[in-house]
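A closer look at the structure
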Amino acid sequence: MKHLQTVLSVLITLLPVTSRAGQVGAAASGAPTAPVVADLRLPFAYDGPAPPALPATMARDAQGRATVRAIRLDAPLEVDGQLDEALYTNVTPITDFIQAEPRPGAEASERTEAWIAFDEDNVYVSVRATESQPERMVIDEMRRDSSSTWQNENFGFAFDTFYDRRNSVNFQFTPIGGWADGQNVNEGQYNGDWNPVWTFKVRRSERGWTGEAAIPFKSLRYRPGRAQIWGVQLRRISRWKNENAYLTRLPDGIGANGGGSMRTSRFATLVGIEAPPGARALDIKPYVTSSLSTDRTATPRIENDVGKDFGVDVKYGVTQNLTADFTYNTDFAQVEADEQQINLTRFSLFFPEKRDFFLENQGLFNFGGVAGGNAGDVPVLFYSRRIGLDRGGLIPIDGGGRLTGRMGRVSVGLVDMQTSEVDRLGVPSTNFAVVRVRRDILRRSAVGALVTRRSTTVAGRGAAETYGLDGTFAFFSNLTINTFWARTDTAGVADENMSYRGQFNYNADRYGLEISHLTVGDNFIPEVGFVRRDDMRRSFGLARFSPRPRNSRIFRKFGYEGSLTYVENGAGILETREVRGEFRVEFQNSDSLELSVADGYELLPAPFLIARGVTIPAGGYDLRTVRGQVTMGQQWKASGTLFAEYGPFYDGDRTAFGYSGARVKINPRLAVEPGVSINRVTLPFGSFTTKLVSSRATFTLTPFLFVSGLVQYNSSNNTMATNARLRWEYHAGSELFVVYNDGRDTRPRGFPDLQNRSLVVKINRLFRF
């Protein structure tokens, strides 16, 4: 308990002494004085040239910094994509975009004009994108938040509404109405599942395309006060040229695949915005569901059981920069099924969170500089799938709340959730609590603390706590240092319950160097977190050289990379060693080629059941893998990655091949995403073949209405699963879902036997006050 008290005292010291916007802004930007402009209210000093005088809207200086001016409108803009209002003739557009790829620093090859305006209710962003060859544009995605949106022609914009030069909210849309939005934390930890209310319209012509977007102030969080200074980045992707261009100059290699929209410290400064008073929103979103379900594995069996339910989510802006969320009888029936995985290791698989309530502001709870979905061997202290999912079943969530936001230079996150008792699974009613505080220091660094508590452990042995301290430090353009220390308190465990890590990462365009060390104790058990591997001391080193050939029309970049992984257990005995070499070629058209060789050693401390009827004895084994893969960009009718692997595997050999990240374009409304992964393993202890086959088909009627189906076959557990969904956003923030699921056993001959099936209809309605 004394350790928990120590961490809580650290949390208190991280809280701001003052949260006045002027003081925080000056400290964050480092600018000595605020420029004086007669027709603008500038609340504090900022990092950039003086604001332009109207009708100009952008100014640049010799250091490459830019200041952009927002235009106040006397009447709301009609969001129709036409660009026929007086704004577009009387005000000089923002232009002169700068390439990040393929020629960093060069002028963009296609002209882009943009405007930023506002009224009492909305911020407006408009674009006119000229195309020299519009018939060659890559435009095949209309869904919201599809990963394919990044692979289309698109225009994106991002706002750093607190002007902290670290975090942003990001928006983008395509010429045919595909759209996406997300939250960017600490310059690169991106959460694409944040879905605020906003609207847009696009138009196409023989000269290119145009678009207008309106973002309500109520969908944004920002500093107190009417006069605002934000950071802003604008981005144009010409996918058919594989060209990315931005408003500001970025360090080489940063802007590939839209990544420059997350380098917040390089944003331009946006002045002139005046936020309306009382922009704190109250959103009430009730829902009702009706369902028909069958479960033939339950005792007693369930056949065509009719169900109904209701609940409500409430979001309230406590201040302009603090938001409280409350949920009652939380329902996740509309969530897409998990994509299945094949596991040929002795460690647990990580499945990402897909439930909306836990995805919003997810980045705030990242710990130690590692995003939750990309942690590898690094422990995740808060893994939200522990809430409402246990022992292979769904656990009803009675309700809960969350408070997230900022107080000056301090970000805070509080979560408290209560789940129900489920007798048939032996799961008691459980409370989950999380406290996260992070304070910005220096220009791009932060320190923080995180505490979690679970009222009853998975094993039912009383309460458990986890607490930790972390620091993320960013220097220059490409150097980061990430650290953390954490400890768990679990009933019956007295030692080996700590974890700590240090990482040095220099990640420039031409050179890269990473050195890290991670320790995880044998009894380190974060009951609200995820640990892939415990009882280890892992050291890792990587070096990279990535030259760009000059004046090549075929090759964009080469990559030569070598790494060493060395893992000992707590007793100092070597368990894993891997030496890896890799060669990559990136082509100008966005295709790529990769060849790699990995040579390693693995110690199994105990027999390992790798497949049904195949157990590998304890002992040490030499492993080796040769891998080749070709990735075809989305400019092709069929895109994705084809791969093949071969090598010695636990005194036998393994051959693997497959097709992943695939997409076959039928037309802009219909696409099929097939996937296959096959492992053929021959061992002295037995042989087996695993097959994972999947196919997703999506038909998009409008950007707000689509139908998708996902079918998966997994030979390792003899299952075939189907998930079909219809989603219609019939009003901004309000949705209708129709979801069908079934699971089948493929072992019997003939058509797979039905195990479970459900049909759910869910409708919600957003009321915004």
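In this text the structure is predicted, and so the values were computed from the model without any measurement. (Residues numbered from 1 in each chain as written. Predicted model: local features only at pLDDT ≥ 70, side-chain atom pairs only at ≥ 80, totals over all residues. Heavy atoms only, no water.)

Examining the confidence of the model for the protein
- This prediction gives the protein a mean pLDDT of 89; 94% of its residues lie at or above 70.
- Mean pLDDT values for the elements of the protein range from 34 in helix α2 (residues 21-29) up to 98 in strand β29 (residues 536-545).
- Low confidence marks residues 17-36, where pLDDT is under 50. Its contacts with residues over four positions away, or in another chain, come to 36 contacts. (pLDDT = per-residue confidence, 0-100. Helix = DSSP H or I, 4+ residues; strand = E, 2+ residues; numbered from the N terminus. Contact = heavy atoms within 4.5 Å.)

Points about the pairing of strand β33 (residues 608-611)
- Direction of pairing for β33 relative to strand β34 (residues 614-616): antiparallel, over a ladder of three bridges. Bridge assignment links Phe608 to a residue of β34, and that residue is Ile616.
- Where β33 folds back on β34, the antiparallel hairpin that results is connected by two residues, among which Gly613 adopts a positive phi of roughly 80 degrees. (Pairing = 2+ DSSP bridges.)

Topic: the sheet that holds strand β11 (residues 199-205)
- Spatially, the five strands line up as an open sheet ordered β3-β5-β6-β12-β11, and their pairing is mixed. Each of the sheet's edge strands pairs with one partner strand only, and the pair in question is β3 (71-72) and β11.
- One ladder, built from two bridges, connects β3 with strand β5 (residues 112-118); its direction is parallel. The partner of Arg72 across the bridge, within β5, is Phe118.

So, the pattern of salt bridges
- Enumeration over the complete set of coordinates arrives at 60 salt bridges.
- One salt bridge connects Arg65 with Asp47, and the closest N-O pair in it is separated by 2.7 Å. Placement of Arg65 in the loop between β1 (58-60) and β2 (66-69) and of Asp47 in the loop between α2 and β1 is noted, with a sequence separation of 18 residues between them.
- Residue classification places Asp47 among the buried residues on the basis of a relative accessible area of 14%.
- With a shortest N-O distance of 2.7 Å, Lys557 and Asp509 are connected by a salt bridge. Of this pair, Lys557 sits in strand β30 (residues 555-568) while Asp509 sits in the loop between β27 (498-507) and β28 (511-520); the two residues are 48 residues apart in sequence, bridging distant segments of the chain. With respect to class, Lys557 is no different from Asp509; both count as buried.
- One salt-bridge network, held together by shared partners, links Asp140, Glu141, Arg143, Glu339, Arg663, Lys665, Glu673 and Arg696. (Salt bridge = Lys/Arg side-chain N within 4 Å of Asp/Glu carboxyl O. Buried < 20%, exposed > 50% of the residue type's maximum accessible area, 1.4 Å probe, protein only.)

What to know about the pairing of strand β22 (residues 410-419)
- Along β22, seven of the 10 residues are buried, which leaves the element largely enclosed by surrounding structure.
- Taken together, the 10 bridges between strand β21 (residues 397-407) and β22 define a ladder with antiparallel strand orientation. Among the inter-strand pairings, Leu403 is bridged to a residue of β22, identified as Leu414.
- In sequence, β21 turns back onto β22 through a hairpin of two residues, with Gly408 there showing a positive phi of about 65 degrees.
- Pairing of β22 with strand β23 (residues 430-441) involves 10 bridges; the strand directions are antiparallel. Each bridged residue has a counterpart across the sheet, and for Gln418 the counterpart in β23 is Asn431.

What about the packing of aromatic side chains?
- All told, the structure shown has 35 aromatic pairs when counted by the stated rule.
- Between Phe44 and Tyr163, the aromatic rings sit 6.1 Å apart at their centres with planes inclined by 45 degrees, giving tilted as the arrangement. Placement of the pair is Phe44 in the loop between α2 and β1 and Tyr163 in the loop between β7 (154-160) and β8 (168-173), with a sequence separation of 119 residues.
- For Phe44, a relative accessible area of 4% puts it in the buried group.
- What makes Tyr163 buried here is its relative accessible area of 0%.
- Ring geometry for Trp179 against Trp198: centres 5.5 Å apart, planes inclined by 65 degrees, an arrangement best described as edge-to-face. One end of the pair, Trp179, is in strand β9 (residues 179-185); the other, Trp198, is in the loop between β10 (189-191) and β11, and 19 residues separate them in sequence. Neither Trp179 nor Trp198 differs from the other in exposure class; each is buried.
- In this arrangement the basic side chain of Arg143 is found over the ring face of Phe706, its NZ or CZ atom lying 6.0 Å from the centre.
- Positioned above the aromatic ring of Tyr287 is the side chain of Lys762, whose terminal nitrogen or guanidinium carbon lies 4.8 Å from the ring centre. (Phe/Tyr/Trp six-rings, centres within 6.5 Å; stacked < 30°, edge-to-face > 60°. Lys NZ or Arg CZ within 6 Å of the ring centre and 35° of its normal.)

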